[in-house]
Amino acid sequence: MSNKCVLCNSEKSILLKTGNKKINNFICKKCGLVYVWPTVNENRIFSYYKNGHYDSSHNVKIRFSKKRLEGIFLGANDKYNYIYKYIKKHIKNKTVLEIGCATGHILNIFKLKGFDVLGVEPSEKLAEFAKINYNVNVVNDMFENVKINKSYDLVLCLHTLEHVINPRRFLLKINKLMSNNSILFIEVPNIYKPQNSLKKFFDCSHFYTYSPKTLWNMLAPVSYTHLRAHETSLHLVCRLLLE
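Described in the following lines is the structure provided in the data block. (Residues numbered from 1 in each chain as written. Predicted model: local features only at pLDDT ≥ 70, side-chain atom pairs only at ≥ 80, totals over all residues. Heavy atoms only, no water.)

Right, let's get into unusual backbone geometry. Following Trp-37, the chain continues to Pro-38 via a peptide bond in cis, the omega torsion being 5 degrees. Residue Asn-135 is not a glycine yet carries a positive backbone phi of 55 degrees. With respect to the element layout, Asn-135 can be found in the loop between α5 (124–134) and β6 (138–139). Asn-135 sits in the exposed class, given a relative accessible area of 59%. (Helix = DSSP H or I, 4+ residues; strand = E, 2+ residues; numbered from the N terminus. Buried < 20%, exposed > 50% of the residue type's maximum accessible area, 1.4 Å probe, protein only.)

Before going further, it helps to spend a moment on the packing of helix α3 (residues 66–87) against helix α4 (residues 105–112). At a closest axis distance of 9 Å, the pairing of α3 and α4 adopts a crossing angle of 65 degrees. With respect to the hand of their crossing, α3 and α4 are arranged in right-handed fashion. Here Ile-72, Phe-73, Ala-76, Asn-77, Lys-79, Tyr-80, Ile-83 and Ile-87 of α3 lie close against α4, whose contacting residues are His-105, Ile-106, Asn-108, Ile-109, Phe-110 and Leu-112. Partitioned by chemical class, the residues of the contact of α3 with α4 number 10 nonpolar, 3 polar and 1 charged. (Axes fitted to C-alpha atoms, helices over the stretch in contact; angles between N-to-C directions. Left-handed = near helix turned anticlockwise from the far one by under 90°. Contact = heavy atoms within 4.5 Å. Nonpolar A, V, L, I, M, F, W, Y, C, P; charged D, E, K, R; others polar.)

With respect to the helices, strands and loops of the structure, Val-146 is situated in the loop between β6 and β7 (152–158). Take Val-146: its relative accessible area is 8%, and that puts it in the buried class. As a C-alpha pair, Val-146 and Leu-126 span 20 residues in sequence and 17 Å in three-dimensional space. If sequence neighbours within four positions are ignored, Val-146 has contacts with Val-120, Val-139, Asp-141 and Lys-173.

Attention shifts here to the state of the cysteines. Applying the stated criterion across every chain, the model contains 0 disulfides. Free cysteine: Cys-8, not disulfide-bonded; nearest cysteine sulfur from Cys-28 at 3.4 Å. This cysteine, Cys-31, is not joined by any disulfide, and Cys-5 carries the nearest cysteine sulfur, 3.5 Å off. (Disulfide = S-S within 2.5 Å.)

So, on to a nonpolar patch on the surface. Residues Phe-73, Leu-74 and Leu-112 make up a contiguous nonpolar surface patch of about 320 Å² in total accessible area. If you trace the backbone, Leu-112 turns up in helix α4. (Patch = residues over 30% accessible without salt bridge, like charges linked within 9 Å, V, L, I, M, F, W, Y side chains within 5 Å. Areas by Shrake-Rupley, 256 points an atom, 1.4 Å probe, with all protein chains shown as cover. Salt bridge = Lys/Arg side-chain N within 4 Å of Asp/Glu carboxyl O.)

The strand order β1-β2-β3-β9 describes an open sheet built from 4 strands, whose pairing is antiparallel. The open sheet has two edge strands with one neighbour each: β1 (13–15) and β9 (208–209). In terms of strand pairing, strand β2 (residues 25–28) meets strand β3 (residues 34–36) through 3 bridges, oriented antiparallel. Residue Ile-27 lies in a different strand from β3, and its bridge partner there is Val-34. (Pairing = 2+ DSSP bridges.)

Counting residues in each nonpolar core, the largest one holds 44 residues, and the members touching the most others are Leu-97, Phe-143, Leu-161, Ile-174, Leu-184, Ile-186 and Tyr-210. Excluding anything up to four places from it in sequence, Ile-174 contacts Ile-99, Phe-143, Val-155, Cys-157 and Leu-184. Of all hydrophobic cores here, the second largest spans 27 residues; its members include Leu-107, Phe-110, Val-117 and Leu-158. (Core = buried A, V, L, I, M, F, W, Y, C linked by side-chain atoms within 4.5 Å.)

Let's shift gears to the packing of aromatic side chains. How two aromatic rings sit relative to each other is given by the distance of their centres and the angle of their planes. Under the criterion given, the structure shown has 12 aromatic pairs. Taking the centre distance of 6.3 Å and the plane angle of 80 degrees together, the rings of Phe-26 and Trp-37 count as edge-to-face. Taken together, the residues span a long stretch of sequence, with Phe-26 in strand β2 and Trp-37 in the loop between β3 and α1 (42–50) at a distance of 11 residues. Judged by centre distance (6.0 Å) and plane angle (75 degrees), the ring pair of Phe-129 and Tyr-134 falls under edge-to-face. (Phe/Tyr/Trp six-rings, centres within 6.5 Å; stacked < 30°, edge-to-face > 60°.)

So, on to the environment of Pro-189. Within the secondary structure layout, Pro-189 lies in strand β8 (residues 178–189). With 21 residues separating them in the primary sequence, Pro-189 and Tyr-210 have C-alpha atoms 6.9 Å apart. Setting aside anything within four residues of it in sequence, one finds Pro-189 in contact with His-159, Glu-162, Phe-201, His-206, Tyr-210 and Leu-234.

This part is about the pairing of strand β4 (residues 95–99). Burial analysis of β4 places 5 of its 5 residues in the buried class, which makes it a mostly covered element. Sheet topology places β4 next to strand β5 (residues 116–120); 5 bridges connect them, and they run parallel. The residue bridging Ile-99 from the neighbouring strand is Val-120, located in β5. Where the polypeptide runs from β4 across α4 and back to β5, its parallel neighbour, the crossover connection is right-handed. With 3 bridges joining them, β4 and β7 adopt parallel strand pairing. Its bridge partner lying in β7, Val-96 is registered against Leu-154. (Right-handed = clockwise from strand over helix to strand, strands pointing away.)

Below you can see the structure in the form of structure tokens.
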């Protein structure tokens, strides 16, 4: 398998010195996309999440004190308010799909606000937490494997896309679940503003690291209008335009 950029198909790249010897991150010399090579088999990725290996390696917790849960609730509510200001003019049926919903904290807020919500989460432990504690509908599987037969006003990908091995295919599937003027809200780490040391920033579970330009270009096959990008974590908010 050749070291080829999935965004522009160029085979010209430079190995980045990130300090993380477990993975090799390359930057495409033509378009600037940062990606891991060699890639990982998708079945191994699903097993990695479903069997809890990601949770254990990243110290993911599902047991919270009352005080911690209150803080999480307030944080999720703040995130809802931030998202809602961009979507309120375009919402018709109040339907939300979150891909990689984790413990369902944010979906819970949308549910409390009267939205019809669905989450997709590959970690069995996290999906179970969301179902039991928030009574939200969560499918425990990789999004690539899930069959969904309705469209959504809002699709959330909050720190999910960087974990996806085939982002173009992933985004095209999302497109099929959206109607005209639906909103796609993507949040990923911003390579221009790393929040940790480079060794921690280039996480072994992140197959791509985006800039505003490369993230927007990844959406290029679909007709979106750009509403918003970027802060420390890169926020990209865009509205689907169907011809």
